[in-house]
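Here are the chains, one letter per residue:
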Amino acid sequence: MQRRQRRHRVAVVAADRVDSLDLAIPGQVFGSARAEDGTALYDVIMCGQRPGLDVTGRGGAELFQLTAPYELGEALTADTVIVPGARTDGEPAAEVLDVLRQAHSRGARLASICAGAFLLAAAGLLDGRPATTHWTSAGTLARRYPRVEVDPNVLFVDDGNVLTSAGAATGLDLCIHMVRNDFGAAVAAEVARQVVVAPQRDGGQAQFIVHHEPSDDSGSLEPTMRWMRERLGDPLTLADIADQAAVSPRTLNRRFREQTGATPLQWLLTQRVRHAQELLETTTLPVEDIARHCGFGTAINLRQHFTRRVRLSPLAYRRSFRLR
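Residues numbered from 1 in each chain as written. Predicted model: local features only at pLDDT ≥ 70, side-chain atom pairs only at ≥ 80, totals over all residues. Heavy atoms only, no water.

Colleague: What exactly am I supposed to notice about the overall build of the protein chain here?
Modeller: Helix and strand counts for the protein chain come out as 13 helices and 12 strands. Relative to its length of 324 residues, the protein chain is compact, with a C-alpha radius of gyration of 21 Å against a globular reference of 20 Å. A principal-axis box enclosing the C-alpha atoms of the protein chain has dimensions of 60 × 60 × 35 Å. For the protein chain, buried positions account for 49% of its 324 residues. Long-range pairs, those at least 24 residues apart, make up 64% of the contacts in the protein chain between residues at least 6 apart in sequence. Carbon together with sulfur atoms contributes 50% to the accessible area of the protein chain, which is approximately 15700 Å² in total. Taken together, the 38 basic and 37 acidic charged side chains of the protein chain have centroids lying 5 Å from each other. (Helix = DSSP H or I, 4+ residues; strand = E, 2+ residues; numbered from the N terminus. Rg over C-alpha atoms; globule rule 2.2 N^0.38 Å. Buried < 20%, exposed > 50% of the residue type's maximum accessible area, 1.4 Å probe, protein only. Contact = heavy atoms within 4.5 Å. Areas by Shrake-Rupley, 256 points an atom, 1.4 Å probe, with all protein chains shown as cover. Lys, Arg positive; Asp, Glu negative; His and termini not counted. Charge placed at Lys NZ, Arg CZ, Asp CG, Glu CD.)

See the structure below:
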């Protein structure tokens, strides 16, 4: 009899004065991920620093106490360790830092939500790496841990086996991004539907989205973006897009950067790659047809852009994530 494949295990590490929203997000996202036959794709466990942990809300308000069902050491059995935000005005608990270091040395993927980056940094796991946290705390993180390359202008940073996210809501973006990496765009999109969020916020590469507020005269680009999505297979130029938006190319570039963190053509390329992912997962179309359908023209162009963005070739992606 064929042995059942072990589910991907996710451990949420709860330190004292952990943030309630950060704590809940991983369970909601990873717990919603299902295979086509309805079976769960992840096991999610919560590991506590000690019984009776204080759980806080906005502004550090004490909400309730938590006794996690698993001890801290159980995090070492996980494939992915999630570190929610916790208080940053004191010394992190040595046992928490030790578990994070051990999990990393064993090859686990580590990811922080909001102020959880301070725990990863205190453990030395962000030294020499790009990282982010909530914009109000980014300066403090950079001063306290000068070896960390802090970027306050991104939703999250994927640096391979160590990932960090900004404010609490971007923990949703980060967790859905990890589901996408693990099981493909279709599974991630279904998870996003279950938790009622966008599968991926618009912009360039997700981990480098700049999220500035648009200037007063920028206007919404949603009609233009919708027009572009409906024409992914067409050879659109910057001039074509500017004409549709009724602005100059220079103004279009500025507005796109303000609202998405990317140029119009960068954003368009991202949409084309996403559409190619969906077609590779859900159809049997040849790669050549997918390339034309998504606006890449040739299979060679598709392979070049797809591999750079997704880190897999189209055929390798289809083998990994094809829906059966």
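Colleague: Any chance you could explain the pairing of strand E12 (residues 162-165) here in plain terms?
Modeller: In regular strands, side chains alternate between the two faces of the sheet. Alternating residues of E12 divide into Val162 and Thr164 and Leu163 and Ser165, and every residue in both groups is buried. The sheet contact formed by strand E8 (residues 109-112) and E12 spans three bridges and is parallel. The residue of E12 that forms the bridge with Ser112 is Thr164. For strand E11 (residues 156-158) and E12, the ladder comprises three bridges, and the chain directions are antiparallel. From the neighbouring strand, Val157 faces E12, where its bridge partner is Thr164. From the end of E11 to the start of E12, which pair antiparallel, there are three residues, and Gly160 there has a positive phi angle of about 85°. (Pairing = 2+ DSSP bridges.)

Colleague: Help me out: how do you make sense of the pairing of strand E4 (residues 53-56) in this one?
Modeller: Of the two faces of E4, the one holding Leu53 and Val55 and the one holding Asp54 and Thr56 are both buried throughout. Remark: five residues form the turn of the hairpin made by E4 and strand E5 (residues 62-66), two consecutive strands paired antiparallel; Gly59 in that turn has positive phi of roughly 75°.

Colleague: How should helix H1 (residues 20-32) be read in this particular structure?
Modeller: In an α-helix, one turn spans 3.6 residues; hence positions three or four apart end up facing the same way. The first and last C-alpha atoms of H1 sit 19 Å apart over 13 residues, in line with the 18 Å expected at 1.5 Å per residue. Those residues of H1 not exposed but buried are Asp22, Leu23, Ile25, Pro26, Val29 and Phe30. Around the axis of H1, the buried residues are gathered within 155° of arc, so they sit on the same side. Sitting at the amino-terminal end of H1 is Asp19, which places a side-chain oxygen 3.0 Å from the backbone nitrogen of Leu21. (Expected span 1.5 Å × (residues − 1). Arc of directions from axis to C-beta. Polar contact = N/O pair within 3.5 Å; in protein donor to acceptor, adjacent residues only side chain to side chain.)

Colleague: Explain the sheet that holds E4 to me, please; I cannot follow it from the model alone.
Modeller: Working definition: the strands of a sheet are paired by backbone hydrogen bonds and lie parallel or antiparallel to each other. Across the sheet, three strands lie side by side as E2-E4-E5; this open sheet has mixed pairing. Only two strands of the sheet have a single partner each, and these edge strands are strand E2 (18-19) and E5. Pairing of E4 with E5 involves four bridges; the strand directions are antiparallel. Directly across from Leu53, in E5, lies its bridge partner Leu66.

Colleague: What exactly am I supposed to notice about the sheet that holds strand E7 (residues 80-83) here?
Modeller: With mixed pairing, the seven strands of this open sheet are ordered in space as E6-E3-E1-E7-E8-E12-E11. Sheet topology places strand E6 (70-71) and E11 at the edges, where each strand pairs with a single neighbour. With four bridges joining them, E7 and E8 adopt parallel strand pairing. Note that in E8 the partner of Val81 across the bridge is Leu110. Taken strand by strand, H1 contacts strand E1 (8-14), strand E3 (42-48) and E7, and its axis lies near 165° from that of E3. (Axes fitted to C-alpha atoms, helices over the stretch in contact; angles between N-to-C directions.)

Colleague: Can you help me understand the pattern of salt bridges in this one?
Modeller: Think of it this way: side chains of opposite charge can pair up when their charged atoms draw near. Counted according to the given criterion, the structure contains 12 salt bridges. With its nearest N and O atoms 3.5 Å apart, the salt bridge here joins Glu222 to Arg229. In this structure, Glu230 and Arg231 form a salt bridge, with 3.5 Å as the shortest nitrogen-oxygen distance. One salt-bridge network, in which partners are shared between bridges, spans Glu222, Arg226 and Arg229. (Salt bridge = Lys/Arg side-chain N within 4 Å of Asp/Glu carboxyl O.)

Colleague: Mind showing me how you'd approach helix H12 (residues 299-310) here?
Modeller: Look at H12: 15 Å from first C-alpha to last across 12 residues, which is about the 16 Å you get at 1.5 Å a residue. Taken together, the buried positions of H12 are occupied by Ala299, Leu302 and Phe306. All buried residues of H12 fall inside an arc of 55° around its axis, so they share one side. In H12, those exposed residues whose orientation departs by more than 90 degrees from the buried face are Ile300 and Arg308. Those residues of H12 hidden inside the fold are in contact with helix H10 (264-282), helix H11 (287-293) and helix H13 (314-321). Taken from the residues just after H12, Arg311 is the one with a positive phi, measuring 70°.

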